[in-house]
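Coordinates in review
Spelled out, the chains give:
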Amino acid sequence: MPRLLTVREALRIWKQRFGGENSPDDFRYEKEPWRIFREGMVPCLAGEAARMAFDRVDKRNAVYFRPGGDDSDLTAELFPDTDAAVIDCMGDLYIIDRDFAWTYVHTRYPWYGPYFARRRAEH
């Protein structure tokens, strides 16, 4: 069985896979990494288009986390039938599949997001 990632490791990989060189080390991005989507640094779907993409994606291998530098294991599995409507009341939440092929990010601000993105092509 592969070693589980910690929340801190998952966030570090999330930033690499979805932000790459576009992920500034600025404090506001450290606290709210979803800003890379809001500010147009990374291509993504937003709002209703993001919700629809999330509802269609295979979630059998999905986990979620909240950023915060936690060293606990990332074991919070998402129910495969979870849809965007369920997540609308959960505040800042990052959902990924275990391969980091896609992410769905819900923010605590109803006027920002949610956002859905697929992993950036690796060079």
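Let me sum up the structure you'll find in this document. (Residues numbered from 1 in each chain as written. Predicted model: local features only at pLDDT ≥ 70, side-chain atom pairs only at ≥ 80, totals over all residues. Heavy atoms only, no water.)

The secondary structure content of the protein amounts to 5 helices and 5 strands. Taken from N to C terminus, the helices and strands of the protein fall in the order α-α-α-β-α-β-α-β-β-β. Residues classed as buried in the protein amount to 41% of the 123 residues present. In the protein, once contacts between residues fewer than 6 apart in sequence are set aside, the share between residues at least 24 apart is 59%. Carbon and sulfur atoms make up 51% of the accessible area of the protein, which amounts to about 7100 Å² in all. (Helix = DSSP H or I, 4+ residues; strand = E, 2+ residues; numbered from the N terminus. Buried < 20%, exposed > 50% of the residue type's maximum accessible area, 1.4 Å probe, protein only. Contact = heavy atoms within 4.5 Å. Areas by Shrake-Rupley, 256 points an atom, 1.4 Å probe, with all protein chains shown as cover.)

Okay, the nonpolar core next. Buried together is how nonpolar side chains tend to be arranged in soluble globular proteins. The biggest cluster of nonpolar side chains holds 18 residues, and the ones touching the most others in it are W14, F18, F37, F65, I96 and F100. Mapped onto this core, the elements with two or more residues apiece are α1 (7-19), α3 (35-38), β2 (62-65), β3 (93-97) and β5 (115-118). A total of 6 residues in this core trace back to one element, the largest contributor, which is α1. Apart from the residues lying within four places of it in its own chain, the contact partners of F37 are W14, F18, V42, C44, T103, V105, Y115 and A117. Core analysis: the second largest hydrophobic core is formed by 13 residues, L78, I87, L93 and F116 among them. (Core = buried A, V, L, I, M, F, W, Y, C linked by side-chain atoms within 4.5 Å.)

On to the pattern of salt bridges, then. Under the defined criterion, the tally for this structure stands at 8 salt bridges. Where E39 meets R38, a salt bridge forms, and the shortest distance between an N and an O atom there is 3.3 Å. Accessibility expressed as a relative area gives 34% for R38, which makes it partly exposed. Notably, a salt bridge pairs R51 with D88, separated by 3.5 Å at the nearest N-O pair. Residue R51 is located in helix α4 (residues 48-56), and its partner D88 is located in the loop between α5 (84-87) and β3; the two are separated by 37 residues in the primary sequence. D88 gets classed as partly exposed once you look at its relative accessible area, which sits at 35%. (Salt bridge = Lys/Arg side-chain N within 4 Å of Asp/Glu carboxyl O.)

The next subject is the packing of aromatic side chains. Enumeration according to the criterion identifies 13 aromatic pairs in this entry. Plain terms: the ring middles of F54 and Y104 are 4.2 Å apart, the flat faces sit at 20° to each other, and that makes the pair stacked. With a gap of 50 residues between them, F54 in helix α4 and Y104 in strand β4 (residues 102-106) connect regions that are remote in the sequence. Grouping residues by exposure puts F54 and Y104 together as buried. Ring-pair connections join several aromatic residues into one group, and the members of that group are W14, F18, F37, F65, Y94 and Y115. A cation over a ring is seen here: K59 above F54, with NZ or CZ 4.5 Å from the ring centre. (Phe/Tyr/Trp six-rings, centres within 6.5 Å; stacked < 30°, edge-to-face > 60°. Lys NZ or Arg CZ within 6 Å of the ring centre and 35° of its normal.)

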